[in-house]
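Listed here are the chains, written in short residue letters.
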Amino acid sequence: MPLLVSSQGKMENMLYAEELVREFLVFRGFTNTLQAFVKELGSDIGKGFQVDKILELIFSIYVPKFEAENLIELLRFFKQCFSSHETELTSIISDLDVSILRYYIIHAIQAGRKDKVIELFDIHGSELLQKDQEWASWFAIPYIKTPQSEPQFRVYFSKEWSNALHLSLRNFLSKMLYGTHILNSERNMVSRLKGDIKQLNFKLAQLQVLLEEKETQLHQLRSNALLATEVIVGTNSSSNPLAGSGEPTVSGTAASHDICVSATPQAGEREPKYIDGIRPDDTQVSTSKISSHGSQGDTGNEVQREEEFPEVRVDFQETFLGHTSPISRCRFSATGDNVASASVDGTVRIWTYDSSAPTSRNATIYCGAEIMSLEWECKSDRLLLIGTADGGIKAWNVDAKRVVCDLSCTETFPSVLDLKCSPVEPIFVSAAASRGPGSSDIGKLGCASLTVWNMRTWKAMTVLPLGEDPPPITSVCFNHNGKLLAAAATDGMIHMFDMSAGLQITGWPAHDSAISSVLFGSDETSIFTLGIDGKIFEWSLQNQGKIVWSRDWSRFCNLQTSSHYKHEMALDADGRRLLVTSNSPRAPIYQVRGHAYGMRTLPHSASITTVDWHPTSPIFLTGSSDHSVRVTSMA
């Protein structure tokens with residue numbers, strides 16, 4: 001509310017001044033002057049700051065009668081009136097200006113008056129381009145036969161978008177024009193509300209602590225009951241089907257570290273629950289294999305099923321609806337100020353979720369092929385790398401708003417599965433793959449290629465050795481100083497490269513099937529792998545091949561219903577929370593190494609296809625096949 005005081009104060013003072021002028025003219029008996037003054041007010045472009053009259057002027061006169069000059073003059077008037085000092089208001093008004101002009105263009109197209117669109121661009125095209133380069137693609141709309149069927153313009157022809165514009169403009173004008181009349185009462189009300197909210201938050205915090213204590217007690221009681229049942233099962237030979245068969249039985253305290261048995265509602269049946277999600281009977285990574293790699297860490301006493309995860313506590317959440325097809329990738333920039341999101345229709349959008357942040361870098365990039373990888377330059381927000389399914393690698397300069405380099409992988413390796421920039425040197429690595437027969441999912445790719453590129457010359461420097469006919473590399477990551485590169489493959493192997501020598505120095509089998517994502521831990525003493533077998537492992541780098549933490553993620557991973565190349569995971573800035581994609585509308589957030597409790601994200605309306613964490617804050621991104629991207633700040 002304080003932000004609006006200066007604008008609202010100007011309008012209130014203006015109305016007050018008008019009343020003073022009227023009183024003065026009446027007092028002096030200047031009736032002719034009074035009549036002229038009232039007549040002039042009647043033709044006032046601001047319509048006496050009455051919301052309904054302003055909306056009628058725009059949507060019933062200027063737009064239907066194609067009075068573009070009057071419309072633009074009105075928009076300039078309100079920009080001067082409302083935003084002479086407030087930069088945040090300037091950004092909001094600029095967005096509304098763009099939307100109103102696009103509404104004018106769409107109306108002209110629907111009315112068969114493309115000449116009015118051409119006329120508008122002839123007169124004001126240069127001015128529009130100087131404000132926003134996104135107008136460049138709109139210059140083609142009068143020459144497109146059916147623009148309403150084009151992905152870029154389709155949403156603007158919808159009734160929903162038109163209604164949303166009317167509502168947004170009405171709400172904005174109402175807040176701006178009428179805010180001063182209730183400003184003083186609102187101040188008192190806001191003060192009371194702040195006190196009430198503070199008290200409510202305090203009560204909620206108390207209740208939350210009490211609830212967590214009760215949940216802990218409940219889990220402890222459940223664990224004790226399960227353990228008691230296990231002891232009975234292990235000591236009662238008559239009820240043990242393994243008794244006398246030579247197979248070892250599980251009982252007593254030792255059982256608590258490996259397996260717990262809980263009774264189901266059907267008498268006589270028992271469903272095993274495994275500590276840390278390890279299920280030897282249904283996983284492709286067997287117990288014997290884990291033992292060969294080393295003892296598994298983080299076998300705490302408390303276990304929580306993912307469906308019991310509490311919903312994440314949210315400070316704020318913003319939803320971006322600029323895409324018209326499922327989201328394939330989304331990434332925070334190096335500072336976290338900007339977001340890049342891509343959809344399967346080959347469109348990349350750059351945007352900001354913070355209303356106080358400048359929107360000068362906002363852009364839409366059309367790549368002509370499905371986007372398979374996105375990567376921001378590590379040292380700044382200046383460059384965005386885009387990898388496509390047709391072998392293209394584009395470098396987009398966000399300040400210049402143009403593609404500064406358009407690279408192409410060889411025709412042999414058209415699928416650019418991942419891109420990673422070095423955190424130290426001006427280089428990046430591309431993981432590309434050839435296409436095998438059949439569909440384009442992760443299991444139908446061919447051979448791999450790892451190429452190192454120079455970001456100054458934009459030329460390939462070297463191809464990292466992978467051996468003859470290597471399986472596709474799905475994910476790569478650098479360590480903090482860029483000296484090590486980890487690469488995960490579809491055969492379940494992790495490959496480690498010395499970047500100064502350009503050679504592979506070690507590697508080990510991490511999963512019995514494809515690895516979808518790989519990440520260095522925050523302290524870089526470990527590395528995380530996400531497999532399509534539904535397992536998440538954290539591997540020690542000091543004791544190679546030893547698992548120090550793991551989770552069973554299989555309930556969120558259903559390859560039969562997944563239409564995307566790979567699932568992915570992201571670590572928060574502290575390295576304590578691991579966010580993973582999901583075939584369900586919610587995604588799990590695992591607590592790394594600590595207690596077994598996790599959280600669930602707020603639901604999208606479809607599967608969550610891509611995730612990322614803010615580089616410094618507890619804020620995360622989720623992109624979904626429902627075409628939306630959400631920015632969520634944890635409370």
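Please refer to the structure higher up on the page.
Cut-off values and rules
- Residues numbered from 1 in each chain as written.
- Predicted model: local features only at pLDDT ≥ 70, side-chain atom pairs only at ≥ 80, totals over all residues.
- Heavy atoms only, no water.
- Phe/Tyr/Trp six-rings, centres within 6.5 Å; stacked < 30°, edge-to-face > 60°.
- Helix = DSSP H or I, 4+ residues; strand = E, 2+ residues; numbered from the N terminus.
- Buried < 20%, exposed > 50% of the residue type's maximum accessible area, 1.4 Å probe, protein only.
- Lys NZ or Arg CZ within 6 Å of the ring centre and 35° of its normal.
- Pairing = 2+ DSSP bridges.
- Axes fitted to C-alpha atoms, helices over the stretch in contact; angles between N-to-C directions.
- Salt bridge = Lys/Arg side-chain N within 4 Å of Asp/Glu carboxyl O.
- Core = buried A, V, L, I, M, F, W, Y, C linked by side-chain atoms within 4.5 Å.
- Contact = heavy atoms within 4.5 Å.
- Bend = angle between axes of the 7 residues up to and from the residue.
- Polar contact = N/O pair within 3.5 Å; in protein donor to acceptor, adjacent residues only side chain to side chain.

Another aspect to go through is the packing of aromatic side chains. Summed over all chains, the structure comprises 17 aromatic pairs. Between Phe59 and Tyr103, the ring centres sit 5.2 Å apart and the planes meet at 90°, which makes this aromatic pair edge-to-face. One end of the pair, Phe59, is in helix α3 (residues 51–62); the other, Tyr103, is in helix α5 (residues 87–110), and 44 residues separate them in sequence. No difference in accessibility class separates Phe59 from Tyr103, as the two residues are buried. Residues Trp138 and Tyr156 carry aromatic rings whose centres are separated by 5.0 Å and whose planes lie at 70° to one another, so their mutual orientation is edge-to-face. Here Trp138 is found in helix α7 (residues 135–138), whereas its partner Tyr156 is found in the loop between α7 and α8 (159–178), with 18 residues between them in sequence. Both residues of the pair, Trp138 and Tyr156, count as buried. When the ring centre of Trp135 is taken as origin, the NZ or CZ atom of Arg102, which lies over that ring, is 4.8 Å away. Across the ring face of Phe66, the terminal group of Arg113 is positioned such that the distance to the ring centre comes to 5.3 Å.

So, on to the sheet that holds strand β11 (residues 402–408). Strand pairing within a sheet occurs via backbone hydrogen bonds; the two strands may be parallel or antiparallel. Across the sheet, which stays open at both edges, the four strands sit in the order β8-β9-β10-β11 with antiparallel pairing between neighbours. One side of each edge strand has no neighbouring strand; the edge strands of this open sheet are β8 (371–376) and β11. On average, adjacent strands in this sheet sit at an angle of 20° to one another, irrespective of strand direction. As paired elements, strand β10 (residues 392–397) and β11 share six bridges and run antiparallel to each other. Each residue of the ladder has a partner; that of Gly392, found in β11, is Ser408.

In total, this model carries 14 salt bridges according to the counting rule given. With a closest N to O distance of 3.2 Å, Lys420 and Asp418 form a salt bridge. The same class applies to Lys420 and to Asp418, which are both buried. Among the ionic contacts, a cluster of salt bridges with common partners joins Glu73, Arg76 and Glu127.

With that settled, the discussion passes to the nonpolar core. In this structure, Ile58, Ile105 and Trp138 are the most contacted members of the largest nonpolar core, which totals 40 residues. For this core, the secondary structure elements donating two or more residues are α3, α4 (68–82), α5, α6 (114–131), α7 and α8. Looking at this core element by element, the count peaks at ten residues for α5. When neighbours within four sequence positions are excluded, Ile105 is seen to be in contact with Val117, Leu120, Phe121, Trp135, Trp138 and Ile141.

A few words now on α6. Of all the bends in α6, the greatest, near 70°, is centred on His124. Of all the residues in α6, the buried ones are Lys116, Val117, Leu120, Phe121, His124, Gly125 and Leu128.

Attention now goes to the side chain of Thr474. Relative to the helices and strands, Thr474 is located in strand β16 (residues 473–478). Residue classification places Thr474 among the buried residues on the basis of a relative accessible area of 1%. In terms of polar contacts, Thr474 uses its side chain to reach the backbone carbonyl oxygen of Ile515, at 2.5 Å.

By the element assignment, Ser517 lies in strand β20 (residues 515–520). By relative accessible area, Ser517 is classed as buried at 5%. Each C-alpha atom of the pair Ser517 and Val580 lies 9.9 Å from the other, and the pair is 63 residues apart in sequence. When near neighbours in sequence (up to four residues on either side) are disregarded, Ser517 contacts Ser475, Phe528, Thr529, Leu530, His567, Glu568 and Met569.

With that settled, the discussion passes to the sheet that holds strand β3 (residues 314–320). Spatially, four strands are ordered β3-β30-β29-β28 in an open sheet, and the strand pairing comes out antiparallel. Two strands close off the open sheet at either side, each with one partner strand: β3 and β28 (608–613). Averaged over neighbouring strand pairs, the angle between their axes works out to 20° when direction is ignored. Of the strand pairs in this sheet, β28 and strand β29 (residues 619–624) are connected by five bridges, and their pairing is antiparallel. For Thr610, the partnering residue across the bridge sits in β29 and is Gly623.

Turning our attention to the pairing of β16. Working note: regular strand, side chains alternate between the two faces of the sheet. Of all the six residues making up β16, six are buried; the element is thus mostly covered by neighbouring parts of the structure. Bridge count for β16 against strand β17 (residues 484–489) is five bridges, and the pairing is antiparallel. Looking across to β17, one finds that Ile473 is bridged to Ala489. If you look at the hairpin formed by β16 and β17, you'll find five residues sitting between the two strands, and Gly482 has a positive phi there, around 75°.

Within the chain, Trp458 stands out as a residue other than glycine whose phi angle is a positive 55°. Within the fold, Trp458 resides in the loop between β14 (445–454) and β15 (459–464). Classification of Trp458 by relative accessible area gives buried; the value is 16%. With a phi angle near 80°, His627 is a residue other than glycine that sits in the positive phi range. By the element assignment, His627 lies in the loop between β29 and β30 (629–634). Judged by relative accessible area, which is 29%, His627 ranks as partly exposed.

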